[in-house]
Amino acid sequence: AVNLHTVSLHVMRNTDPQIFLPSVVEIWGGANEAHLKLLGKINTATALKTDPYSIMNLECKLKIAQSISCIKLVARPLKRVPEWHLAKGKPALVFMDEVFLN
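Residues numbered from 1 in each chain as written. Predicted model: local features only at pLDDT ≥ 70, side-chain atom pairs only at ≥ 80, totals over all residues. Heavy atoms only, no water.

Peer 1: In this structure, what is going on with the overall build of the chain? I would like to understand it.
Peer 2: Across its full length, the chain carries 0 helices and 6 strands. Mapped from its N terminus to its C terminus, the chain presents α and β elements in the order β-β-β-β-β-β. Considered along the principal axes of its C-alpha atoms, the chain spans approximately 45 × 25 × 20 Å. Across the chain, every contact between residues at least 6 apart in sequence was considered, and the portion connecting residues at least 24 apart equals 70%. Only carbon and sulfur atoms are counted for the fraction: they give 53% of the accessible area of the chain, which is about 6,600 Å². Measuring between centres, the 12 positive side-chain charges of the chain sit 8 Å from its 8 negative side-chain charges. (Helix = DSSP H or I, 4+ residues; strand = E, 2+ residues; numbered from the N terminus. Contact = heavy atoms within 4.5 Å. Areas by Shrake-Rupley, 256 points an atom, 1.4 Å probe, with all protein chains shown as cover. Lys, Arg positive; Asp, Glu negative; His and termini not counted. Charge placed at Lys NZ, Arg CZ, Asp CG, Glu CD.)

This is the structure we're talking about:
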């Protein structure tokens, strides 16, 4: 078990090829898979047509440091690309390449 204070996700936003930030990220943790509880949640802003290409960290600070042996991350993509996009109405993609546990 480790004492967990923050969870950071390294994600990409590149709206031209339908890569958007996840709409919601949930961080679940506990002693094992059978005893997970929601530790934190990240909600991102609505995507705009003017949003630039970006690689960024989404950080979730836990209210209380917790001793965790098992972690589960759920990143939910946009269900529908915004109306201004050529692929409007189709699901978005989420690109994530690193997870930092501190």
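Peer 1: When you look at the pattern of salt bridges in this model, what are you seeing that I'm missing?
Peer 2: A side chain with one charge can pair with a side chain of the opposite charge if their charged atoms come near. This structure, assessed with the given rule, holds 2 salt bridges. Close ionic contact of R76 with E26 constitutes a salt bridge, the shortest N to O distance being 3.6 Å. Residue R76 is found in strand β5 (residues 70-76), and its partner E26 is found in strand β2 (residues 24-30); the two are separated by 50 residues along the sequence. On the basis of relative accessibility, which here comes to 12%, the residue E26 falls in the buried class. Of the charged contacts, one joins E59 and K61 as a salt bridge, the two residues approaching to 4.0 Å between their closest N and O atoms. A relative accessible area of 61% places K61 in the exposed class. (Salt bridge = Lys/Arg side-chain N within 4 Å of Asp/Glu carboxyl O. Buried < 20%, exposed > 50% of the residue type's maximum accessible area, 1.4 Å probe, protein only.)

Peer 1: Any chance you could explain the nonpolar core here in plain terms?
Peer 2: The nonpolar side chains of a soluble globular protein tend to be buried, and buried together. One finds L4, V11, I27, L39 and I42 to be the most contacted residues of the largest nonpolar core, which totals 14 residues. Only β1 (2-13), β2, β3 (36-43) and β4 (54-68) provide two or more residues apiece to this core. Residue contributions to this core peak at 5 residues, all from β4. Apart from the residues lying within four places of it in its own chain, the contact partners of L39 are L4, I27, W28, G29, L62, Q66 and I68. (Core = buried A, V, L, I, M, F, W, Y, C linked by side-chain atoms within 4.5 Å.)

Peer 1: Sorry if this is basic, but what is going on with the sheet that holds strand β6 (residues 95-101) here?
Peer 2: Note: strands within a sheet are paired through backbone hydrogen bonds, in either parallel or antiparallel orientation. Taken together, the 3 strands give an open sheet; going across it, the order is β4-β1-β6, and neighbouring strands pair in antiparallel fashion. Pairing within the sheet leaves two strands with one partner each, and these edge strands are β4 and β6. Neighbour-to-neighbour, the strand axes of the sheet open up by a mean angle of 20 degrees, direction not taken into account. Looking at chain direction, β1 and β4 are connected through 11 bridges and run antiparallel. Residue pairing in the sheet places N3 in a bridge with S67 of β4. (Pairing = 2+ DSSP bridges. Axes fitted to C-alpha atoms, helices over the stretch in contact; angles between N-to-C directions.)

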